Amino acid sequence: MDTLTAIQKQYLEQPKECISGSEAIVRCLLAEGVDVLYGYPGGAIMPVYDELYKYEDKINHVLTRHEQCAAHAAQGYARISGKVGVAIATSGPGATNLVTGIADAQIDSTPIVCITGQVPSHLLGSDAFQETDIVGISTPVTKWNHQVTKASQIPEIIARAFYIAKSGRPGPVLIDITKDAQFEQFDFQYKKCTGVRSYVPVPKTDPSTIADAATLINNAKKPLIIWGQGIILSKAEVELKALVEKAGIPAAWTIMGASALPTSHPLNIGMVGMHGNYAPNILTNDCDVLIAIGMRFDDRVTGKLDEYAKQAKIIHLEIDPAEVDKNIKTDVAVLGDAKQNLIELLPQVDANSHPEWLKKFKDLYEIEYNKVIKNDLYPTKEGLTMGEVLKEINAQTKGEAAIVSDVGQHQMIACRYAKFNVTKSNITSGGLGTMGFALPAAIGAKMAAPEREVIAVIGDGGYQMTIQELGTIFQNKLPVKIVVLNNEFLGMVRQWQQLFFEKRYASTVMANPNFVAIAKGYYIEAKKVTKREGLAAAVKEMIDSDGPYFLEVCVEKEGNVFPMVPSGASVSDIRLE
């Protein structure tokens, strides 16, 4: 069991007491160590809010301006803290508004527990006011969900929810609680869940698979590691670094795995995927052994599946058996927790180095640098680039900030050029690609790690999807730093229209408002930069600010993100222009 706080012990060790279901919900949350949750009140969840009011000295409820943002804030909290994030909403539209955040958490393996109110049980199925079947709606995008109709069920179901959300491969859980169950009185006592029948969160590792993996690695001439978020979720950063250094293997990352190994590490050879680095993409189809750790071979990483790493032996270290052989056929599948399996693997791996193989990566990096990176970071043209904005943020935060990016061109630029010297520093929407993610996720991240600099990097399109959360930032006095890279386009879609649809910019031009005036309307310091000469001073002013700060940077309108693997193409067909 995790180390318990004094408050957790208080509510775990209490004798039975007759209380209402709504008070039981709050006490369950306290017993699970929840100190903050995000939500929006309404009729079907009002009894719980009444209890939260009584417990406000122990648990902080943050009123977001939209329920979707409550889920995203819970995600940001979970991603940077490693704890379970919590979101709460009422029935009907309140519950359905959570679904996008829940789906995002499901595909990105983020542990959140969402609690929704529901109409009284005698009205279920009657199309009552604000009734919707949220259990049925959310079933495809939750790790587990359950509807509670009796107060006596609440402790067991909430305990199970937290256990399932954070164990094994993490994910979102939803609990729907009828209003009469919230009012009903019962004898309350709470016990943590330590197991669920038929649920095996961590599969047993076959020792022979570790030995087989070690043999392939020791005999490899051109090995390549690709790691994903599984490293971060299993807290295996130290073990990954040890493997990379002992075996001398170049290592690349998916966007969800970024920051597990410092960007500056000499064997960190960059990002794979559609807008990843040139060398690791090209040489994926040249390596002889590919070691995939805690990643799922999604389409943005593999490109054309039947041309992906066909020459290589594939080793897959994975906690979720459903991901093994789902997209890429493996030669050795090592099931289980990444940290534990790397601990077992390390002694069996020979010390090695691969200088000629590493030189290939360096040579290809030089090509990418001269054709792409130099122009992104040190442009000679008049317009500001997104890359030089990230370069300035790197310089002034020393690569120690948590970068929370939205979805689009700026996201790929942030992942490519941000310096990640501290783990859990890249918080973004990976699998679902949810525009509007960054601003509320940054709220959760900052509350989970108030000592860290949290910078939301957002495009002008995604920003306007959740711009109302400036109110949450203002009300809670959160010193979140917001950088909007404004190109007056839905940039990623426009890039595809330019490259593949003969520049027919259908519905991608953005007529934007006065972003600075809107930020100031929420009493947030704000500045707009249009010229290169003013960038460094504006970023410094933002970083030095003690409170929230909004910085709009007007970047070139038709700048593109390269390298790029066209949709449906092989990773070997990556384009530099």
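Residues numbered from 1 in each chain as written. Predicted model: local features only at pLDDT ≥ 70, side-chain atom pairs only at ≥ 80, totals over all residues. Heavy atoms only, no water.

Undergrad: I'm lost on the overall build of the chain in this one. Help?
TA: Across its full length, the chain carries 24 helices and 20 strands. Relative to its length of 577 residues, the chain is compact, with a C-alpha radius of gyration of 24 Å against a globular reference of 25 Å. Taking the principal axes of its C-alpha atoms as reference, the chain extends roughly 70 × 60 × 40 Å. Looking at the chain residue by residue over its 577 residues, the buried ones come to 59%. In the form shown here, the chain has an accessible surface area of approximately 22600 Å², with 52% of it arising from carbon and sulfur atoms. (Helix = DSSP H or I, 4+ residues; strand = E, 2+ residues; numbered from the N terminus. Rg over C-alpha atoms; globule rule 2.2 N^0.38 Å. Buried < 20%, exposed > 50% of the residue type's maximum accessible area, 1.4 Å probe, protein only. Areas by Shrake-Rupley, 256 points an atom, 1.4 Å probe, with all protein chains shown as cover.)

Undergrad: Looking at this structure, how should I read unusual backbone geometry?
TA: Most peptide bonds are trans, and most residues other than glycine sit at a negative phi. Cis geometry is found at the peptide bond from Phe562 to Pro563, where omega equals 0°. For Pro563, the location among the structural elements is in the segment after strand E20 (549-554). With a phi close to 55°, Ser109 is a non-glycine residue in the positive phi region. Among the secondary structure elements, Ser109 is positioned in the loop between helix H6 (99-107) and strand E5 (112-118).

Undergrad: Help me understand the environment of Pro207, please; the structure alone is not making it clear to me.
TA: Mapped onto the fold, Pro207 is located in helix H10 (residues 207-219). Sequence spacing of Pro207 and Asp104 is 103 residues, and the spatial spacing of their C-alpha atoms is 34 Å.

Undergrad: Is there a simple way to think about empty space enclosed by the protein in this case?
TA: In this approach a probe as big as a water molecule rolls over the atoms, and the regions it shows empty are the leftover space. All told, the structure shown has 2 cavities of 30 Å³ or more when counted by the stated rule. What lines the largest cavity is Asp376, Thr385, Met386, Gly387, Gln409, Ile413, Asn487, Val555, Glu556, Gly559, Asn560 and Val561. Of all elements in the fold, only helix H17 (386-397) and helix H18 (409-417) reach the threshold of two or more residues within the lining of the largest cavity. For the lining of the largest cavity, the class distribution of residues is 4 nonpolar, 6 polar and 2 charged. In this structure, the second largest cavity occupies an estimated 30 Å³ of space. Residue lining of the second largest cavity: Ile217, Asn218, Pro223, Ala247, Ile249, Val349, Asp350, Asn352 and His354, and that is the complete set. Its residues assigned to classes, the lining of the second largest cavity comprises 5 nonpolar, 3 polar and 1 charged. (1 Å grid on protein atoms, 1.4 Å probe; cavity = no way out; pocket = protein on both sides within 12 Å on 5 of 7 lines; lining within 4 Å. Points joined across faces, edges and corners; volume = space filled by probe spheres on them. Nonpolar A, V, L, I, M, F, W, Y, C, P; charged D, E, K, R; others polar.)

Undergrad: How do you make sense of the nonpolar core when you look at a structure like this?
TA: Buried together is how nonpolar side chains tend to be arranged in soluble globular proteins. Grouped together as the largest cluster of nonpolar side chains are 100 residues, with contacts concentrated most on Leu290 and Ile293. The leading source of residues in this core is helix H16 (residues 355-377), at 7 residues. When neighbours within four sequence positions are excluded, Ile293 is seen to be in contact with Ile225, Ile226, Trp227, Gly228, Ile231, Leu240, Leu243, Leu317, Ala338 and Leu342. Of all hydrophobic cores here, the second largest spans 50 residues; its members include Ala74, Ile102, Val141 and Ala402. (Core = buried A, V, L, I, M, F, W, Y, C linked by side-chain atoms within 4.5 Å. Contact = heavy atoms within 4.5 Å.)

Undergrad: What is the right way to read the sheet that holds E20 from this model?
TA: What links the strands of a sheet is backbone hydrogen bonding, and the strands pair in either a parallel or an antiparallel sense. The parallel open sheet is built from 6 strands, whose spatial order is E16-E15-E17-E18-E20-E19. If you trace the sheet from one side to the other, it starts and ends with strand E16 (426-427) and strand E19 (525-529), each paired once. As paired elements, strand E18 (residues 481-486) and E20 share 6 bridges and run parallel to each other. Within E20, the residue paired with Ile482 across the bridge is Phe550. With respect to the sheet, H17 is in contact with strand E15 (402-405), strand E17 (454-459), E18 and E20, its orientation differing from that of E18 by roughly 160°. Strands in contact with H18 are E15, E16, E17 and E18; relative to E15, the strand with the most contacts, it is inclined by about 155°. (Pairing = 2+ DSSP bridges. Axes fitted to C-alpha atoms, helices over the stretch in contact; angles between N-to-C directions.)

Undergrad: Before we go on, may I ask you to explain the environment of Val372 in this structure?
TA: Within the secondary structure, Val372 is located in helix H16. For Val372, a relative accessible area of 4% translates into the label buried. For the pair formed by Val372 and Thr472, sequence separation is 100 residues and the distance between their alpha carbons is 38 Å.

Undergrad: Honestly, the pattern of salt bridges in this entry has me stumped. Any pointers?
TA: Where charged atoms from two side chains of opposite charge come close, those side chains can pair. One pass over the full model with this rule turns up 26 salt bridges. The shortest N-O distance in the salt bridge between Asp50 and Lys54 comes to 3.8 Å. Here Asp50 and its partner Lys54 are both found in helix H3 (residues 46-54), 4 residues apart, which amounts to about one turn of the helix. Its salt-bridge partner being Arg532, residue Glu388 comes within 2.8 Å of it at the nearest N-O pair. (Salt bridge = Lys/Arg side-chain N within 4 Å of Asp/Glu carboxyl O.)

Undergrad: I would appreciate a short explanation of the packing of aromatic side chains in the present structure.
TA: Two aromatic rings, taken as a pair, are described by how far apart their centres are and by the angle between their planes. Inspection of the entire model under this criterion finds 12 aromatic pairs. When the centroid spacing of 6.0 Å and the interplanar angle of 75° are considered together, the rings of Phe297 and Tyr308 count as edge-to-face. Of this pair, Phe297 sits in the loop between strand E12 (289-293) and helix H14 (299-302) while Tyr308 sits in the loop between H14 and strand E13 (313-318), and the two are 11 residues apart along the sequence. The exposure class of Phe297 is buried, given its relative accessible area of 2%. For the ring pair Phe515 and Phe550, a centre distance of 6.4 Å and an interplane angle of 55° mean the geometry is tilted. Residue Phe515 is found in helix H23 (residues 515-521), and its partner Phe550 is found in strand E20; the two are separated by 35 residues along the sequence. For the pair formed by Phe515 and Phe550, the shared burial category is buried. Here a set of aromatic residues connected by ring pairs shows up, and it is made of Tyr463, Phe515 and Phe550. (Phe/Tyr/Trp six-rings, centres within 6.5 Å; stacked < 30°, edge-to-face > 60°.)

Undergrad: Could you clarify how one ought to interpret the sheet that holds strand E3 (residues 60-63) in this entry?
TA: Across the sheet, which stays open at both edges, the 6 strands sit in the order E3-E2-E4-E5-E7-E6 with parallel pairing between neighbours. Taken across any chain shown, the strands that pair with only one partner, and hence form the sheet edges, are E3 and strand E6 (144-148). Within this sheet the neighbouring strands show an average axis-to-axis angle of 20°, counted without direction. Here strand E2 (residues 36-39) pairs with strand E4 (residues 85-89) via 2 bridges, running parallel. The residue of E4 that forms the bridge with Tyr38 is Ala87. Docked against the sheet, helix H4 (residues 67-81) engages E2, E4 and E5, running at close to 170° with respect to E4.

Undergrad: What is the right way to read the side chain of Glu32 from this model?
TA: Residue placement: Glu32 occurs in the loop between helix H2 (21-31) and E2. Dropping the residues within four chain positions of it, Glu32 is found in contact with Gln8, Ala159, Phe162, Lys166, Tyr190 and Lys192.

Undergrad: Help me out: how do you make sense of the packing of H16 against H18 in this one?
TA: A pair of packed helices is captured by two measures, namely the crossing angle of their axes and the spacing between those axes. Across the interface, H16 lies against H18 with an axial gap of 12 Å and an inter-helix angle of 110°. Classified by the angle their axes make, H16 and H18 are roughly perpendicular. Of the residues in H18, those in contact with Glu368, Val372, Ile373, Asp376 and Leu377 of H16 are Ile413, Arg416 and Tyr417. The residue inventory of the contact of H16 with H18, partitioned by class, reads 5 nonpolar, no polar and 3 charged. (Parallel < 35°, antiparallel > 145°, perpendicular 65-115°, else oblique.)

Undergrad: Can you help me understand H4 in this one?
TA: Each α-helix turn comprises 3.6 residues. Residues three or four places apart therefore point the same way. Under the 1.5 Å per step criterion, the end-to-end length of H4 is 21 Å for 15 residues, consistent within 8% with the ideal 21 Å. Of all the 15 residues making up H4, 14 are buried; the element is thus mostly covered by neighbouring parts of the structure. A positive backbone phi angle near 80° is found at Gly82, which sits one or two residues after H4. (Expected span 1.5 Å × (residues − 1).)

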